[in-house]
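Structural overview for review
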Amino acid sequence: MVDFAGWDMPVQYKSILEEHKAVRQRAGLFDVSHMGEADVKGPEALKFLQHLVTNDCSKLFPGRVLYTTMCYPHGGVVDDLLVYMRGADDYFLCINAGNIDKDIAWMQEQAKGFACTVTDRSADYGQLAIQGPRAVEIVQALTRTALADVKYYHFTDGEVAGVKCLISRTGYTGEDGVELYCAAGETEKLAEAVLAAGQPLGLELTGLGARDSLRLEAGFPLYGHEITQDLNPICAGLGWVVKFDKGPFIGSEVLAAEKAAGPKQRVVFFKTGDRRIVRADTPVLNAAGAAVGRVLSGTLSPILNEAIGSALVEAAAAKEALAVDIRGTKLPLQLVKPPFVALKKN
């Protein structure tokens, strides 16, 4: 157990390796109740969100989920988040646990002048993520809701094991699955029911360690690593969530200039062919041995059985041979376009 954003969180239950493989091969149950939630409601809720975030919320409809970033005026990222449209003038946001206070304060400040309210709902919700090839089968046994009808990045309301839930076909592992939002006081009951239904099918309790290795294998960013207040979505390779044609939004001018000129630095993903983990902040070296960047995230891929990671490097250097020095041994970096492993399309 470790402290994470003020929560006691499990790094692992049995082993990171076992839990990671369970999610890729069968299913894993994550307690992610530490994540933050907020309501955005009012006649100008959509207008506000279009101003706040980089992606185009006008594409949403009731039951649809959108992944996006929200940025500071200088283009750095406040956070990445999910936007759920429940109805006209009614949106639900999921934000990162370590950013809750900062995010809520930022959104409430930006909402001034718009006819809408931003309400912190983080203490009201528990959240469970069931991820893996058998995840939907496990949850389906506990609900009358036809999960096959809920497409990827869509959601619906229903009951799971007698608990009222927002049932979301989303996740942070690259696998199929669902995320269940419920009243905080019902989370334990729901978790026990999912665990009981899933264990005969190979479901494993899964901790933060496997959550990180799974998301890195899938090539998903983690706030504080691949995106930060100093790393904007263009250099992070998240240009696909930045929609300039929707009109101006916070940071849009700076991000447009960055895209037009080309970022001076790029986030790249790599593998090494070696099991030794490349830790965050390890210098990335060019062929001449000069530092041209630094590692952002690093772990061992249990599926590839080799070290993988991400790094921030000078844009020009991303086209050259790169390496890291691990205790006197030069390890070449093989740049990879994620995901690192084959993932089933939902």
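Look up: the structure comes first, before these words.
Residues numbered from 1 in each chain as written. Predicted model: local features only at pLDDT ≥ 70, side-chain atom pairs only at ≥ 80, totals over all residues. Heavy atoms only, no water.

Angle between the axes and distance between the axes: these two values describe a pair of packed helices. Across the interface, helix α2 (residues 45-52) lies against helix α3 (residues 100-110) with an axial gap of 10 Å and an inter-helix angle of 115°. Of the two possible hands of crossing, α2 and α3 adopt the one that is right-handed. Side by side, α2 and α3 meet where F48, H51 and L52 of the first sit next to W106, M107 and Q110 of the second. Among the residues making up the contact of α2 with α3, the classes are represented as 4 nonpolar, 2 polar and no charged. (Axes fitted to C-alpha atoms, helices over the stretch in contact; angles between N-to-C directions. Helix = DSSP H or I, 4+ residues; strand = E, 2+ residues; numbered from the N terminus. Left-handed = near helix turned anticlockwise from the far one by under 90°. Contact = heavy atoms within 4.5 Å. Nonpolar A, V, L, I, M, F, W, Y, C, P; charged D, E, K, R; others polar.)

This brings us to the sheet that holds strand β12 (residues 177-183). By definition, the strands of a sheet pair up through backbone hydrogen bonds, in either a parallel or an antiparallel sense. Taken together, 6 strands build an open sheet; the order of strands is β10-β11-β12-β9-β3-β13 and the sheet is mixed. Unpaired on one side and paired on the other, β10 (155-160) and β13 (203-205) mark the two borders of the sheet. For this sheet, the mean angle separating the axes of adjacent strands, direction not counted, is 25°. Alignment of β10 against strand β11 (residues 163-168), held across 6 bridges, turns out to be antiparallel. Bridging across to β11, E159 finds its partner in K164. Against the sheet, helix α1 (residues 16-25) makes contact with β3 (27-31), β9 (125-131) and β13, and its axis sits at roughly 120° relative to β3, the strand it touches most. (Pairing = 2+ DSSP bridges.)

A separate point is the pattern of salt bridges. Under the definition given, this model contains 15 salt bridges. D90 is paired through a salt bridge with R86; the nearest N and O atoms lie 3.1 Å apart. Here R121 makes a salt bridge to D124, at a shortest N to O gap of 2.6 Å. Among the residues examined, D124 registers a relative accessible area of 38% and is labelled partly exposed. Because the salt bridges share partners, they merge into one network encompassing D39, R86, D90, R121 and D124. (Salt bridge = Lys/Arg side-chain N within 4 Å of Asp/Glu carboxyl O. Buried < 20%, exposed > 50% of the residue type's maximum accessible area, 1.4 Å probe, protein only.)

Right, let's talk about the packing of α1 against helix α6 (residues 208-218) for a bit. Interaxial distance between α1 and α6 falls to 8 Å at its minimum, and their mutual angle equals 50°. Overall, the two elements α1 and α6 adopt an arrangement that is oblique. Considering the relative orientation of α1 and α6, their crossing is right-handed. Touching I16, E19, H20, V23 and R24 of α1 are G209, A210, S213, L214, E217 and A218, all from α6. (Parallel < 35°, antiparallel > 145°, perpendicular 65-115°, else oblique.)

Right, let's talk about the sheet that holds strand β4 (residues 36-41) for a bit. Strand order in the open sheet made by the 5 strands is β5-β6-β7-β4-β8, with antiparallel pairing throughout. Among the strands making up the open sheet, the edge pair consists of β5 (65-71) and β8 (117-120). Across the sheet, the axes of successive neighbouring strands diverge by a mean angle of 30°, strand direction being ignored. Judged from the 6 bridges that link them, β4 and strand β7 (residues 90-95) form a sheet pairing that is antiparallel.

The next point concerns the state of the cysteines. According to the stated counting rule, one finds 0 disulfides in the structure shown. Looking at C71, it has no disulfide partner, and the nearest cysteine sulfur is the one in C235, 10 Å off. Owing to a relative accessible area of 0%, C71 belongs among the buried residues under this scheme. Free of any disulfide, C182 has its nearest neighbouring cysteine sulfur in C165, separated by 5.2 Å. Overall, the relative accessible area of 1% leaves C182 in the buried class. (Disulfide = S-S within 2.5 Å.)

On to the nonpolar core, then. Soluble globular proteins tend to bury their nonpolar side chains together. In terms of nonpolar packing, the biggest core is built from 40 residues, with L82, Y84 and Y181 touching the most fellow members. Elements that contribute at least two residues to this core include exactly β5, β6 (77-87), β7, β9, α6, β14 (265-271) and β17 (306-314). Setting aside anything within four residues of it in sequence, one finds Y84 in contact with R64, V65, D90, Y91, F92, C94, F155, L166, S168, T170, E179 and Y181. With 28 residues, the next largest nonpolar core counts L66, L81, I95 and A111 among its residues. (Core = buried A, V, L, I, M, F, W, Y, C linked by side-chain atoms within 4.5 Å.)

A cis geometry characterises the amide bond from P338 onward to P339, with omega recorded as 10°. Its identity is not glycine, yet A5 carries a phi of approximately 55°, on the positive side. Note that A5 resides in the loop between β1 (2-4) and β2 (7-9). Of note, the phi angle at A161 is positive, near 55°, even though the residue is not glycine. Considering the arrangement of structural elements, one finds A161 in the loop between β10 and β11.

Mapped onto the elements, T117 comes out in strand β8. Along the chain, T117 and K189 lie 72 residues apart, while their C-alpha atoms are 32 Å from each other. Setting aside residues up to four positions removed in sequence, T117 forms contacts with D39, V40 and K41.

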